[in-house]
Amino acid sequence: MVMSVAAPQAKGKYAEDNIFGANNRANALAEKIGVDNVINGTVGSILDEEGQLVMLHVVQEAYKALTPKEIVAYAPIQGYPDYLEAVIDQCFGQSRPNGYIQACATSGGSGVLHHIIHNYSEWGDDILTSDWHWGAYGSMCADNGRKLREFELIDKNGRFNFENFKEHVRDMVSKQYNTVIIMNSPANNPTGFALSSADWDQVIVFLKDVVKGQDKNIILVPDVAYLDYSGEKQECRKFFKKFGNLPENIFVIVAYTCSKGFTMYGQRMGAMICVTPNKDIADEFVAINQYTSRATWSNSNSAAMKSMVNICKDPAKVAELDAERAVYFKLIKERADIFMKEAQHCGLKYLPYLSGFFITIPMTEAQRVCDELEREHIFLVPLKKGVRLAVCSVSKKKIAGLAAKIKGAVDSV
Ligand code: PLP
């Protein structure tokens, strides 16, 4: 028996590390046999064609321009007012929905999700998301005494599985006061799938109907972590408009993060942004989430907020930011296109990918396939129902031929 002094509810917890574990093994092998001989498709950050972690140039410059005070000062708990304005603008672009919009600074997108689970669901509640989802959602729910429940994201025709979504929501609404729905779209992690404009329309019509006339709420959480690499800037933001003019018992909280769009991953900067037709609900949002920030991490990273503001208040720098993002959006797309073309050619099935950092190959023997690939110095992430390839971090040269190697491994196990 391993000794433990943890409180009963904390016993047996451990950080699941199949992503960082595979990444560590890939890096150790690269040290030994050379980077060129290893394919590391585990990393959820943009690496350039030389395998270097990308920090956008305009962001580097903004960091260099910070004063000591801007770096070390305690920021207001809610976040600097100009940061809050900047995130709302960065998030919605020209598609700002009608209604009361408020924002609170958080520790990345993870901080948003933590606060929503903590403040908008009850102990023991289910939280709904899709079967294909970012693994951290499960830990965030479990660590807060909630249970992550999954609907099937994609139907057998490769479309949004609206029928299955409706079934789960109906059941949850019948049992719970609040139904929290985390919808990671566009550029879903791990599939690259997205709801279409028509999908969002039918989701919203249904949600309005399901809580109509009831003392029950829907908390709809679009997790847009990969928004900035999901398409043309204004086009990929159009769906946000649909969140305006909803009834009071449908509360939208957008999970926004600077991690990917500003390449600030480790800086831990994000924001929760609410949209509601009711001022009281918006004021309550600021009050309860500020309180929870104070009660968890206190205030957010001053340097990250100030450098973000430094860019956003200058139209020339915003143009530079947009241009840099467009370069990496194109690069990731080129990598994904190579992979998908080759996968089709060799008969390797992959889930419908539209944009984003990851492509998923569905299968039942994910762990065994990943073990087999590691023998060929290829490192991918095994999931419950598939294998995840990070097209954000593997160069075009290394992507070429990869689909056939994965197909070989699938056929061999
Ligand atoms: N949501 C999804 C689906 C993600 O994949 C990530 C990061 O990997 C995040 C949110 C937020 O990450 P962070 O807390 O680093 O901003």
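Residues numbered from 1 in each chain as written. Predicted model: local features only at pLDDT ≥ 70, side-chain atom pairs only at ≥ 80, totals over all residues.

Draft legend 1. Local environment of the overall build of the protein. When helices and strands are counted, the protein shows 14 helices and twelve strands. By its C-alpha atoms, the protein is 60 × 55 × 55 Å across when sized along the principal axes. For the protein, buried positions account for 45% of its 413 residues. Long-range pairs, those at least 24 residues apart, make up 76% of the contacts in the protein with a sequence separation of at least 6. (Helix = DSSP H or I, 4+ residues; strand = E, 2+ residues; numbered from the N terminus. Buried ≥ 20, exposed ≤ 12 C-beta atoms within 10 Å, placed from the backbone. Contact = placed C-beta atoms within 7 Å.)

Draft legend 2. The arrangement of the UniProt feature "domain: Aminotransferase class I/classII large" (unreviewed entry) in the protein in detail. Cross-referencing UniProt, the feature "domain: Aminotransferase class I/classII large" (unreviewed entry) maps to residues 38-406 in the present numbering. Taken end to end, residues 38-406 has its terminal C-alpha atoms 14 Å apart, with 42% of it in helix and 16% in strand. (UniProt positions renumbered as here; feature names shortened; annotations may be inferred.)

Draft legend 3. Quick look at the sheet that holds strand β9 (residues 358-362). An order of β9-β12-β11 is seen for the three strands of this open sheet, with the pairing classed as antiparallel. Each end of this open sheet is capped by a strand with a single partner; those strands are β9 and β11 (381-382). Here five bridges tie β9 to strand β12 (residues 386-390), and the two strands are oriented antiparallel to one another. In the strand pairing of β12, Ile359 is matched with Leu389. (Pairing = 2+ DSSP bridges.)

Draft legend 4. Region of interest: the site of the ligand. Around the ligand, a shell composed of 13 residues is seen, among which Gly108, Gly109, Ser110, Thr257 and Ser259 lie nearest. Looking at the shell around the ligand element by element, the count peaks at three residues for helix α5 (residues 108-120). In terms of residue class, the shell around the ligand is built from three nonpolar, nine polar and one charged. (Near = placed C-beta within 6 Å. Nonpolar A, V, L, I, M, F, W, Y, C, P; charged D, E, K, R; others polar.)

Draft legend 5. Structural detail: helix α1 (residues 18-33). Counted at 1.5 Å a residue, the expected span for α1 with its 16 residues is 22 Å, and the 22 Å between its end C-alpha atoms agrees. Every buried residue of α1 is listed here: Ala22, Asn23 and Ala26. Taken around the axis of α1, the buried residues stretch over an arc of 100 degrees, which confines them to a single face. For α1, the exposed residues lying more than 90 degrees away from the buried face are Ala28, Glu31 and Lys32. In the core, the buried residues of α1 are packed alongside β1 (39-40), β10 (378-379) and β11. Within two residues after α1, Gly34 carries a phi angle of roughly 100 degrees, on the positive side. (Expected span 1.5 Å × (residues − 1). Arc of directions from axis to C-beta.)

Draft legend 6. How the structure looks around the domain arrangement of the protein. Entries for the protein in the domain assignment read domain 1 (8-57 + 318-412) and domain 2 (74-314). In this structure, domain 1 and domain 2 have C-alpha centres spaced 26 Å apart. Across the boundary between the two partners, domain 1 contributes 25 residues, which contact 27 residues of domain 2. Of all the secondary-structure elements, those providing two or more residues to the side of domain 1 that touches domain 2 are α11 (315-346) and β9. Ranked by residues supplied to the side of domain 1 that touches domain 2, first place goes to α11 with seven residues. Residue composition of the side of domain 1 that touches domain 2, grouped by class: 17 nonpolar, four polar and four charged. (Domains from an automatic or database assignment.)

Draft legend 7. Spatial organisation of the pairing of strand β7 (residues 250-257). By the criterion of burial, β7 is predominantly enclosed, with eight of the eight residues buried. The two faces of β7 match: Ile250, Val252, Val254 and Tyr256 on one face and Phe251, Ile253, Ala255 and Thr257 on the other face are all buried. Across three bridges, strand β6 (residues 217-222) lies against β7 in parallel orientation. Residue pairing across strands places Leu220 opposite Val252, the latter belonging to β7.

Draft legend 8. Region of interest: the sheet that holds strand β2 (residues 100-106). In spatial order, the strands read β2-β8-β7-β6-β5-β3-β4; together these seven strands make up an open sheet with mixed pairing. At either margin of the open sheet sits one strand with a lone partner, and together these are β2 and β4 (147-151). The average angle at which neighbouring strand axes cross in this sheet is 25 degrees, direction not considered. Pairing of β7 with strand β8 (residues 270-276) involves six bridges; the strand directions are antiparallel. Residue pairing in the sheet places Tyr256 in a bridge with Ala271 of β8. (Axes fitted to C-alpha atoms, helices over the stretch in contact; angles between N-to-C directions.)

Draft legend 9. Summary view of the environment of Asn164. By secondary structure assignment, the location of Asn164 is in helix α7 (residues 162-175). In this structure, the C-alpha to C-alpha distance between Asn164 and Asp223, residues 59 residues apart in sequence, is 20 Å. Asn164 has contacts with Phe151 and Glu152, leaving out every residue within four places of it along the chain.

Draft legend 10. Molecular detail of the pairing of β12. For β12, the tally of buried residues reaches five of five residues, placing the bulk of the element in the interior. By the alternation rule, side chains of β12 split into Gly386, Arg388 and Ala390 and Val387 and Leu389, which are all buried. Relative to β12, β11 is paired through two bridges, and the arrangement is antiparallel. Bridging across to β12, Val381 finds its partner in Arg388. Remark: three residues form the turn of the hairpin made by β11 and β12, two consecutive strands paired antiparallel.

Draft legend 11. Seen up close, the nonpolar core. Formed by 121 residues in total, the largest nonpolar core has its most connected members in Ile273, Met308 and Val391. Setting aside residues up to four positions removed in sequence, Met308 forms contacts with Tyr83, Ala86, Cys258, Phe262 and Met269. (Core = buried A, V, L, I, M, F, W, Y, C linked by C-beta atoms within 7 Å.)

Draft legend 12. Broad picture of helix α4 (residues 81-92). Helix length check: α4 (twelve residues) gives 17 Å between terminal C-alpha atoms against 16 Å at 1.5 Å per residue, within 8%. Looking at α4, one finds that the buried residues are Tyr83, Leu84, Ala86, Val87, Gln90 and Cys91. Projection of α4 onto a plane perpendicular to its axis shows the buried side chains occupying an angular sector of 160 degrees, all on one side. Where α4 is buried, its residues contact β2, β7, β8 and α10 (302-312). Phi turns positive one or two residues past the end of α4, at Gly93, with a value near 55 degrees.

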